[in-house]
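Below are the chains, spelled out letter by letter.
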Amino acid sequence: MAEALDAGAPTFADRFPQEAAVVKAALTSSFVALFLGAIFGIVQGLHRTNVLREIDSQYYYTILTAHGVLMVVSFTIFFLVGLFTWATVRSLDRPVVDIRYTWTWYGLMLVGTLMAVVAVLGGFFPSVDISADVLFTFYAPLQAHPLFYGGLAIFVIGTWLAGADWFRAWWAWKQDNPDERIPLQAFMVLTTMLMWYIATIGIAIAVVGFLLPWSLGLFDNINPLLTRTLFWFWGHPVVYFWLMPAYLLWYTVLPTLSGGRLFSDPLARVVFVLFLLLSTPVGIHHQYVDPGIAEGFKMIAMTNTMFLLLPSLLTAFTVVASMEHGARQRGGTGLFGWLRALPWRNPAFTGMALAGLMFAAGGFSGMINAGMNINYLIHNTLWVPGHFHLTVGTAVALTFMAGTYWLWPQLTNRQLYSRPIGLAQVVIWFVGMALMSNAMHVMGLFGVPRRTAEPQYQGFDFLASFGSITEFRLQLALGATLLFISTVLFVGNIAASSGTPKRSGHGRPLSQPLSGAADSPAVLDNLRLWFGIAMVLVVLAYTLPLVSIIDGGGLLGRGVEPVPVIAEPLTTLAEPLSAAAEPITEWAKATLGGVLR
Ligand code: HAS
Ligand code: CU
């Protein structure tokens, strides 16, 4: 059906060639980051599972940081700025106000990324005094070279300017269309950016106010709890900054791919408003085990987090209803029989549907994380990487790849090199991630920690209720290998597409929602109102915790020695202690082991 709509429609590249060039550049940067990130990912995944240990463990954190930063900062956000530029221009149906300005923010983001990546890669060269082995959660007391923080700051400024670009386009559009509702895609872009402006206050203060001057040597001390809290002020909403472009694709492209129409435009608007309101006042749910934050504040963060499930649950309903509508348009019938009528041979569709399916599992593990009491069980274990490889690593990453199969031909006026390879690629990702994240979740429950190159723990038996750690390690490694293969197939397919013949007029118009903008209350488009309420919620959630953290630990810390200083006496102590404990462990295993198994 979608094919029939298409005949002769101009593509995005036909209509807006200058904007298409920027979108292409942003997406290309995103895929380069994805490819490099995947190389670090496979090295690190095979290393920590003891399958292939070619690198010196000394470099483990350099590799882990490179993997994390390239994936969750560069891959995701470059994709976002490309997609949002496309969505704004397409839905407002007008070019950006000044294309030179658009290239400027893209250039800034590129420079910022290069600076940060150079700082991270410096970690491989001990003779050079540059390194940033601080992981993608780069809070103190770990310290990076100033180049890293400087790069991050420039990158974030680039995203701020990008947001301003889309707001300018909208204001210009509004002059000509004063009485119209904001087109849905532009609405999604603008609400997401308002959320981003609020969220980045935290990271801007942490980086420019504390981390950068500290790494430049201007301050001797820092208050780690303060920078951690400011980090998570941003560190939670950033996950929705990754997710919202995927939601944009699920709401506005997936229904068309399914052969139908979006179930409800008003519900989609409500969802994006809820994310604007609730994404930020929840960051403390990453700090349930932090001493120095009162339990009551953690309780408030937990309550807000539980409310924040609502927009995703609404999304599950609306998106699946739209898919069902499409399937029935295509002749599907029955309670579940309609599922068969979906276009499963289309990699763009299948990738997004599988990404959504995995997000249902990722959302579930998120709910576990969010409960203060259960969080103690899984915090700092491999469970957490299991969770985020389902969310950012699949709901987001796989949707972006699938979306590219649909979008890329319209940006380049070239066909995709191979749809069958695309289909295989999204399925391999799904299978690989099912294995890897299952293993990570289960190992986390056994107590296997995250962020360590040496998880063998010789002499320590994990009490597994089923399977063994070795089996799960292999499962993890197999999953990681499949994911790497899938990434290579994706990047290769897109690169090879530049060799297919040029053609234009193959645009893919998007279907209109069943219940359109006219059905949604006008107040939903009152961005000032929602921004104001969101700010009030942030002030309520954060003022008291921040005051008490500064009061307790000082704005710049109190000059306490950093933690690693006591590590050596501790390790000397550990050996005799564990030897002394051995008989007790043996006894416990003998008596309890049988019961637990
Ligand atoms: Fe999370 C830790 C709680 C969502 C990412 N999270 C992380 C970390 C990352 C991350 C990177 O409360 C680790 C940070 C670090 O390094 O320490 N997370 C949540 C909750 C949600 C959630 C409650 N997280 C995400 C998303 C992420 C992400 C989205 C990235 C994009 N997370 C936590 C907590 C921690 C945490 C704690 C701290 C853990 C700790 O102790 O360290 C919720 O937003 C989830 C809601 C989602 C749902 C699912 C709805 C289902 C849908 C699917 C529809 C189906 C379709 C397809 C379309 C309720 C929408 C159908 C297909 C057919 C074929 C029919
Ligand atoms: Cu979070």
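Residues numbered from 1 in each chain as written. Chains lettered and ligands numbered in written order. Predicted model: local features only at pLDDT ≥ 70, side-chain atom pairs only at ≥ 80, totals over all residues. Heavy atoms only, no water.

## Things to note about the site of ligand 1
In plain terms, the rule: A cutoff of 4 Å decides nearness: a residue is near a molecule or strand if any of its heavy atoms lies inside that distance of it. Nitrogen and oxygen atoms within 3.5 Å of one another constitute a polar contact, given that in protein one can donate a hydrogen and the other can accept it, and given that sequence-neighbouring residues count only through two side-chain atoms. Each helix is a run of H or I in the DSSP string that is no shorter than four residues. Each strand is a run of E no shorter than two, and both are numbered from the N terminus.
By nearness alone, 41 residues border ligand 1, and Y240, N375, H379, H387 and R450 come closest of all. Within the side chain of Y240, one N or O atom sits 2.5 Å away from an oxygen atom of ligand 1. In this structure, an oxygen atom belonging to ligand 1 sits 2.5 Å away from a side-chain N or O atom of H379. Those elements that provide at least two residues to the shell around ligand 1 are α9 (237-252), α12 (295-329), α13 (347-370) and α15 (383-412). In terms of residue count, the dominant contributor to the shell around ligand 1 is α13 (10 residues).

## Describing the coordination of the iron atom of ligand 1
Geometrically, a metal with four donors at the corners of a regular tetrahedron has ideal angles of 109.5 degrees, and one with six donors at the corners of a regular octahedron has ideal angles of 90 or 180 degrees. Formally: With water omitted from the atoms examined, metal sites may look incomplete; donors here are N, O and S atoms no farther than 2.8 Å from the metal, or 3.2 Å in the case of Na, K and Ca.
There is one protein donor for the iron atom of ligand 1, and it is H387 (NE2), at 2.2 Å. For the pair the iron atom of ligand 1 and the copper ion (ligand 2), the metal-to-metal distance amounts to 4.4 Å. Inspection of the secondary structure assignment puts H387 in helix α15.

## Some details on empty space enclosed by the protein
Cut-off, in case you're wondering: Using protein atoms alone on a 1 Å grid, points that fit a 1.4 Å probe yet trap it form a cavity, whereas open point sets bounded by protein on both sides within 12 Å along at least five of seven lines form a pocket; residues with an atom within 4 Å of a point count as lining. Grid points are joined across faces, edges and corners, and a volume is the space filled by probe spheres set on the points.
In total, this model carries 6 cavities of 30 Å³ or more according to the counting rule given. Here the largest cavity is characterised by a volume of approximately 640 Å³. If you trace the largest cavity, you find 36 residues lining it, with Q44, H67, F388, H389 and M436 closest to the centre. Among the elements of the structure, α3 (17-48), α4 (60-92), α15, α16 (419-446) and α17 (469-496) are those that each provide at least two residues to the lining of the largest cavity. Sorting elements by how many residues they give to the lining of the largest cavity places α4 first, with 8 residues.

## As for the coordination of the copper ion (ligand 2)
Protein-derived coordination of the copper ion (ligand 2) comes from H236 (ND1), H285 (NE2) and H286 (NE2), at a distance range of 1.9 to 2.1 Å. Look at where the donors of the copper ion (ligand 2) fall in the sequence and you get H-x48-H-H.

## Brief notes about the nonpolar core
Inside soluble globular proteins, nonpolar side chains tend to come together where they are buried. We apply this condition: We define a nonpolar core as any set of buried Ala, Val, Leu, Ile, Met, Phe, Trp, Tyr and Cys residues linked to one another through side-chain atoms lying within 4.5 Å. Only protein chains enter the accessibility calculation, which uses a 1.4 Å probe; a residue is then buried when its area is under 20% of its type maximum, exposed when over 50%, and partly exposed in between. Throughout, a residue-residue contact means that at least one pair of heavy atoms, one from each residue, lies within 4.5 Å.
Residues W86, F138 and F148 are the most contacted members of the largest nonpolar core, which totals 183 residues. Among the elements that line this core, the one with the most residues is α4, at 19 residues. Those residues in contact with F138 that lie beyond four places of it in its chain are F148, Y149, L152, I203, V207, L211, F231 and W234.

## Things to note about the side chain of R228
By secondary structure assignment, the location of R228 is in helix α8 (residues 224-235). Contact partners of R228, with chain neighbours within four places excluded, come to Y139, A140, H286, Q287 and D290.

## A few points about α3
Since the α-helix packs 3.6 residues into each turn, any two residues three or four apart lie on the same face. What counts, and what does not: Expected helix span is given by 1.5 Å per residue-to-residue step, counting one fewer step than there are residues.
Spanning 32 residues, α3 covers 46 Å between terminal C-alpha atoms, matching the ideal 46 Å at 1.5 Å per step. Once α3 ends, the next one or two residues include N50, with phi positive near 70°.

## Topic: a nonpolar patch on the surface
Quick note on the threshold: A patch is a set of surface residues, each over 30% in relative accessible area and not in a salt bridge, joined within 9 Å for like charges and within 5 Å for the nonpolar side chains Val, Leu, Ile, Met, Phe, Trp and Tyr. Working definition of accessibility: Shrake-Rupley area with a 1.4 Å probe, residue cover restricted to the visible protein chains. In the sections that follow, a salt bridge refers to a side-chain nitrogen of Lys or Arg positioned within 4 Å of a carboxyl oxygen of Asp or Glu.
A cluster of nonpolar side chains, V32, F35, L36, I39 and V488, forms an exposed patch at the surface whose accessible area comes to about 350 Å². The element best represented in the nonpolar patch is α3, accounting for 4 residues. On the basis of relative accessible area, V488 is assigned to the partly exposed category, the value being 36%.

## Focus: unusual backbone geometry
In this structure, the amide linkage connecting A140 to the following residue, P141, adopts the cis form with an omega of 15°. Tracing the backbone through its elements, the reader meets P141 in the loop between α5 (99-121) and α6 (146-176). Phi angles above zero are rare outside glycine, and N50 is one such case at about 70°. Take N50: its relative accessible area is 38%, and that puts it in the partly exposed class. Of note in this structure, R451 is not a glycine but carries a positive phi near 55°. Tracing the sequence through the fold places R451 in the loop between α16 and α17. When its relative accessible area of 22% is taken as the criterion, R451 is described as partly exposed.

## Some words on the environment of V96
For V96, the location among the structural elements is in the loop between α4 and α5. In this structure the C-alpha to C-alpha distance between V96 and T85, which are 11 residues apart in sequence, comes to 8.4 Å. Sequence-distant contacts of V96, that is, excluding residues within four places in its chain, are made with E19, V89, T102 and D165.

## Side note on the confidence of the model for the protein
Caution applies to low-pLDDT regions: their predicted coordinates should not be interpreted in detail. As a reminder of what qualifies: How sure the predictor is of each residue is captured by pLDDT, a score from 0 to 100.
Per-residue pLDDT for the protein averages 92, and the proportion of residues at 70 or more is 92%. Counting contacts from residues 1-6, a segment whose pLDDT is below 50, to residues more than four positions away or on other chains yields 8 contacts. Scored below 50 in pLDDT, residues 562-567 makes 0 contacts in the model with residues more than four places away or belonging to other chains.

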